[in-house]
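Remarks on the overall topology
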Amino acid sequence: MLSIFLSVVSGILVGYLLRKTAFVKYVSSLLSVVIMLLLFFLGVSVGINQQVVNNFASIGMDAFILTVGGTLGSLLCAKLIYRKFFKKRGE
Amino acid sequence: MKQSLLYLLLFATGVVLALAGMMPEALLDSAISKWVLYLLLLLVGIQIGSGKNLFTALKRYGARIMLVPLGTTVGTFGGVALVSLLLPERSLTECMSVGAGFAYYSLSSILITEFRGAELGTIALLANIMREFSVLILAPWMVKKFGMLAPISAGGATTMDTTLPIITKYAGSEYVVIALFHGMIIDFSVPLWVTFFLSL
């Protein structure tokens with residue numbers, strides 16, 4: 001977990017220091033390429049994993065339930081914060 | 001949305017090629033994937049650090065802008081903890097790590113696969129894609145029922161890129177700064193929360 005934290009934080013420092021250079025313009029493209037590669041290999045590791053392939057429907061259902069819970073929870077909190085702190089009078 | 005579909009397509013191509021037996025298992029060298037993962041995290045950090053809007057947003061809204069990512073985090077974890085009762089075969093911490101993706105499906109699924117295997121990684125991929133798509137599709141309904149901050153909270157880590165246009169459209173351009181700020185904070189927190197829950 002520490003190495004993960006350090007990776008992100010050192011990235012933030014590098015990004016901040018280089019924020020005025022042309023380099024940061026290429027970061028998002030580079031990021032997309034890395035993500036594409038990793039997602040492709042995630043697909044491969046799912047494809048060779050019989051357990052995941054056989055249970056795909058129930059895995060999808062679990063994912064759906066977790067999405068509904070997390071999203072609705074965040075919507076309710078957003079409503080509360082909006083009403084208390086952001087809504088202007090008469091809006 | 002185009003990019004999300006491309007990502008999904010690449011994932012599906014990987015699945016199909018592996019099912020067809022065209023991918024030798026040796027390709028999945030975990031030492032390499034760990035280094036690529038750190039590269040990914042470094043790049044995520046660079047993107048956060050080079051963003052200009054962090055301090056502008058703080059100046060304009062003051063401390064109350066912190067309430068938005070806080071609400072997203074508390075609400076998500078509360079909701080996930082509640083529905084995890086419906087999933088007795090999955091542990092609370094596993095459910096929380098999936099929720100901690102905050103719609104950042106690429107990063108969260110890759111991290112979770114690395115630490116907990118492809119099954120939970122796939123759940124994270126699907127759950128967090130669904131979360132992003134829910135904003136793309138339901139943003140007008142969210143604004144109507146839950147107020148202007150709703151699509152920002154639901155969008156999680158994506159509010160600084162993929163869901164920003166739709167938030168601007170339905171919540172209005174005065175919420176752009178909040179959405180950018182929120183996206184950066186949540187972005188930063190995703191790898192930390194995910195590894196935190198998986199280490200419990």
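1. What about the overall build of chain B?
- Per the secondary structure count, chain B includes 10 helices and 0 strands.
- Listing every helix and strand of chain B by position from the N terminus yields α-α-α-α-α-α-α-α-α-α.
- Dimensions of chain B along its principal axes, counting C-alpha atoms only, are 55 × 40 × 30 Å.
- Relative to all contacts within chain B whose residues are 6 or more apart in sequence, the contacts with residues 24 or more apart total 66%.

2. Let's talk about the overall build of chain A
- Across its full length, chain A holds 4 helices and 0 strands.
- When its helices and strands are written in sequence order, chain A yields α-α-α-α.
- A compact globule built from 91 residues should have a C-alpha radius of gyration of about 12 Å, whereas chain A, at 21 Å, is more than 25% larger.
- Over its C-alpha atoms, taken along the principal directions, chain A stretches across nearly 55 × 45 × 25 Å.
- Expressed as a percentage of the 91 residues in chain A, the buried residues total 38%.

3. Topic: the interface of chain A and chain B
- With 63 residues of chain A at the contact, the number on the chain B side is 79 residues.
- Elements supplying a minimum of two residues to the side of chain A that touches chain B: helix H1 (2-17), helix H2 (23-47), helix H3 (50-54) and helix H4 (56-86) of chain A.
- For the side of chain A that touches chain B, a count of residues per class yields 41 nonpolar, 17 polar and 5 charged.

4. With respect to the domain arrangement of chain A
- Annotation of chain A at the domain level lists domain 1 (1-53) and domain 2 (55-91).
- Averaged C-alpha coordinates put domain 1 of chain A and domain 2 of chain A at centres separated by 26 Å.

5. Let's talk about unusual backbone geometry
Residue and element names in this part refer to chain B.
- Residue Phe102 is not a glycine yet carries a positive backbone phi of 45°.
- Inspection of the secondary structure assignment puts Phe102 in the loop between helix H5 (92-99) and helix H6 (105-116).
- On the basis of neighbour counts, which here come to 31 C-beta atoms within 10 Å, the residue Phe102 falls in the buried class.
- One non-glycine residue, Ala103, adopts positive backbone phi at about 75°.
- Position of Ala103 relative to the elements: it lies in the loop between H5 and H6.

6. So, the packing of helix H7 (residues 118-146) of chain B against helix H9 (residues 164-171) of chain B
Residues and elements named next belong to chain B.
- Relative to each other, H7 and H9 sit at 20°, their axes nearing to 10 Å. For the element pair H7 / H9, the angle class is roughly parallel. As for the relative orientation of H7 and H9, their crossing is right-handed in sense. Contacts from Val135, Leu136, Ala139, Pro140 and Val143 of H7 reach H9 at Ile166, Ile167, Tyr170 and Ala171.
- For the contact of H7 with H9, the per-class residue count stands at 9 nonpolar, no polar and no charged.

7. Topic: the packing of helix H4 (residues 67-83) of chain B against H5(B)
Residue and element names in this part refer to chain B.
- Running from amino to carboxyl end, H4 crosses H5 at an angle of 140°, the nearest separation of the two axes being 9 Å. Our classification of the angle between H4 and H5 gives oblique. Regarding H4 and H5, the two cross each other, and that crossing is right-handed. Listed contacts from H5 to Thr76, Phe77, Val80 and Ala81 of H4 are Leu92, Cys95, Met96 and Gly99.
- Along the lines of polarity and charge, the residues of the contact of H4 with H5 split into 6 nonpolar, 2 polar and no charged.

8. Observations regarding the nonpolar core
- Counting 89 residues, the largest nonpolar core has Ala78(A), Leu40(B), Ile152(B) and Val190(B) as its most contacted members.
- Among residues more than four places away in sequence, those in contact with Ile152(B) are Ala78(A), Val68(B), Thr159(B), Ile167(B), Ala171(B), Tyr175(B), Ile178(B), Ala179(B) and His182(B).

Calculation notes
Residues numbered from 1 in each chain as written. Chains lettered and ligands numbered in written order. Predicted model: local features only at pLDDT ≥ 70, side-chain atom pairs only at ≥ 80, totals over all residues. Helix = DSSP H or I, 4+ residues; strand = E, 2+ residues; numbered from the N terminus. Contact = placed C-beta atoms within 7 Å. Rg over C-alpha atoms; globule rule 2.2 N^0.38 Å. Buried ≥ 20, exposed ≤ 12 C-beta atoms within 10 Å, placed from the backbone. Nonpolar A, V, L, I, M, F, W, Y, C, P; charged D, E, K, R; others polar. Domains from an automatic or database assignment. Axes fitted to C-alpha atoms, helices over the stretch in contact; angles between N-to-C directions. Parallel < 35°, antiparallel > 145°, perpendicular 65-115°, else oblique. Left-handed = near helix turned anticlockwise from the far one by under 90°. Core = buried A, V, L, I, M, F, W, Y, C linked by C-beta atoms within 7 Å.

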